[in-house]
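Structural features, examined
Below, each chain spelled out in residue letters.
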Amino acid sequence: MTQQFSVTLYRSVRDRRGRRERWTWTGLRERLRQPLCGQAKDRLPLWSPVSFYEGASRGAVGVAWVHLLVWDYDDGTPIDAAVVPWLDWPWLVYTTWGHTLEHPKFRLVLPLADPIRGRDWKVRAWPAAVELAAGEPDPKCKDPSRMYFLPGAPPDRIADYRFIEHDPGGRLLSLDLKPLEQKPRPCRRSVRLPGPAADRLRARRLRTDPTTREAAAQELGAQISGDRATGILCPSCQRYDVYFFIQPHKQVRAYCNHRNSCGWAGHLDELLGWAA
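Here's what I pulled together on the structure shown here. Quantities reported herein were computed from a predicted structural model and do not represent experimental measurements.

Cut-offs and rules
Residues numbered from 1 in each chain as written. Predicted model: local features only at pLDDT ≥ 70, side-chain atom pairs only at ≥ 80, totals over all residues. Heavy atoms only, no water. Helix = DSSP H or I, 4+ residues; strand = E, 2+ residues; numbered from the N terminus. Buried < 20%, exposed > 50% of the residue type's maximum accessible area, 1.4 Å probe, protein only. Contact = heavy atoms within 4.5 Å. Areas by Shrake-Rupley, 256 points an atom, 1.4 Å probe, with all protein chains shown as cover. Lys, Arg positive; Asp, Glu negative; His and termini not counted. Charge placed at Lys NZ, Arg CZ, Asp CG, Glu CD. Pairing = 2+ DSSP bridges. Axes fitted to C-alpha atoms, helices over the stretch in contact; angles between N-to-C directions. Salt bridge = Lys/Arg side-chain N within 4 Å of Asp/Glu carboxyl O. Phe/Tyr/Trp six-rings, centres within 6.5 Å; stacked < 30°, edge-to-face > 60°. Expected span 1.5 Å × (residues − 1). Bend = angle between axes of the 7 residues up to and from the residue.

**Some points on the overall build of the chain**
Counting its secondary structure elements, the chain contains 6 helices and 14 strands. Dimensions along the principal axes, computed over C-alpha positions, put the chain at roughly 60 × 40 × 30 Å. Looking at the chain as a whole, 46% of its 276 residues qualify as buried. When contacts within the chain are restricted to residue pairs at least 6 apart in sequence, long-range pairs at least 24 apart make up 65% of them. Counting every atom, the chain has about 14,300 Å² of accessible surface; 49% of that belongs to carbon and sulfur. Across the chain, the centroid of the 42 positively charged side chains sits 8 Å from that of the 31 negatively charged ones.

**Describing the sheet that holds strand β2 (residues 19-24)**
Taken together, 4 strands build an open sheet; the order of strands is β2-β1-β3-β8 and the sheet is antiparallel. Looking at the sheet topology across the chains shown, the edges are occupied by β2 and β8 (148-149). Pairing analysis gives 3 bridges linking strand β1 (residues 4-10) to strand β3 (residues 46-48), with the strands arranged antiparallel. The partner of Y10 across the bridge, within β3, is L46. Contacting β1, β2 and β3, helix α1 (residues 25-33) crosses the sheet at an angle of about 110 degrees to β2.

**Considerations on the side chain of D143**
Turning to its location among the elements, D143 is positioned in the loop between α3 (118-130) and β8. Within the buried set, D143 has no salt-bridge partner at all; the shortest N-O distance to an opposite charge, 6.1 Å, is to R146.

**Side note on the packing of aromatic side chains**
The final tally for this structure, using the stated rule, is 8 aromatic pairs. Measuring from ring centre to ring centre gives 5.2 Å for W71 and W126, while their planes differ by 55 degrees; the resulting arrangement is tilted. Separated by 55 residues along the polypeptide, W71 in strand β5 (residues 63-73) and W126 in helix α3 bring together distant segments of the chain. For the pair formed by W71 and W126, the shared burial category is buried.

**Overview of the sheet that holds strand β12 (residues 242-245)**
Strand order in this open sheet of 5 strands is β10-β11-β12-β13-β14, and the pairing throughout is antiparallel. For this open sheet the edge positions go to β10 (223-225) and β14 (265-266), each flanked by a neighbour on one side alone. Sheet topology places strand β11 (residues 228-232) next to β12; 3 bridges connect them, and they run antiparallel. Its bridge partner being in β12, A229 is matched across the sheet by F244.

**Topic: α3**
Turn by turn, an α-helix covers 3.6 residues, leaving residues three or four places apart pointing in a common direction. Here α3 spans 17 Å end to end across 13 residues, near enough to the 18 Å set by a 1.5 Å rise per residue. A maximum bend of about 40 degrees is found in α3 at R124, where proline P127 lies one to four positions downstream. Those residues of α3 not exposed but buried are G118, D120, W121, A125, W126, A128 and A129. Buried residues along α3 sit in contact with β5 and β7 (106-117).

**Details of the pattern of salt bridges**
Summed over all chains, the structure comprises 10 salt bridges. Measuring nitrogen to oxygen at the nearest pair gives 3.2 Å for the salt bridge that ties E165 to R29. Placement of the pair is E165 in strand β9 (residues 163-166) and R29 in helix α1, with a sequence separation of 136 residues. As a salt-bridge pair, D72 and R107 come within 3.3 Å of each other at their nearest N and O atoms. With D72 in strand β5 and R107 in strand β7, the pair connects residues that are 35 residues apart, well separated along the chain. Assigned by exposure class, D72 and R107 land together as buried.

**Overview of helix α5 (residues 210-219)**
Turning to α5, its buried residues are T212, R213, A215, A216, A217 and E219. Phi for G221, located one or two positions after α5, is positive at around 75 degrees.

**Thoughts on the pairing of strand β6 (residues 91-95)**
Extensive coverage of β6 is indicated by the burial of 5 of its 5 residues. Strand direction decides the pairing type here: β6 and β9, joined by 4 bridges, are antiparallel. By the bridge assignment for β9, V93 is matched with I164. Of the strand pairs in this sheet, β6 and β7 are connected by 4 bridges, and their pairing is antiparallel. When the sheet's bridge partners are listed, T95 is paired in β7 with F106.

Here it is in structure tokens:
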């Protein structure tokens, strides 16, 4: 297999931008074949099977393309059962830090025939793929920017580490993307206006005018309690935990509640633009 796949490598969980590399299937196999040991799990480097837009930092909104399908199994599904739906395509399996013989934990990695746009991953590719999967893969894998630790095992369980490769030759996996579900939107006053001048006016009002900020909260489907809009989908971690204040003198920007693990922050026009 000569096809190359773009991946992003991270030195640690604190690395916000990572380093882009291109791996062949052979290169991927060699990087995942041998586990790292002798260090704590949270000190392991990580990888993500995606390429980001130029200048984008870590987070789902910055993902340009997803190049490999990764399943993360922690539910005790046996490896032999998890791979059954995928026997017609190449794949590899490597066990993860918490793996034991009694309770298998592992990742199943499949190369995609064609990369999938980041914006299509959660809403179109993941639903199509999960219908084919066996067991209960971790639903957090629907986040296109999700990072995965490189193989590692505690020193006392290094002998239990497993790496399995399967390559029947021929075609790679192609996902039949789900059509986007068209949901009726409630009729409400929009804060979007056409044209560059109107965009600038909208951005200024979103920073200064409580009425416009409240209309934005309604458009984003937020829960409004007093002066606080909450429960908004985060562009970075894909959790409904973004909030902002209606009165801009308290706090102009919107923030994700997960300051340590996500840290997203942005102005309301950015949030509306992403959600459009």
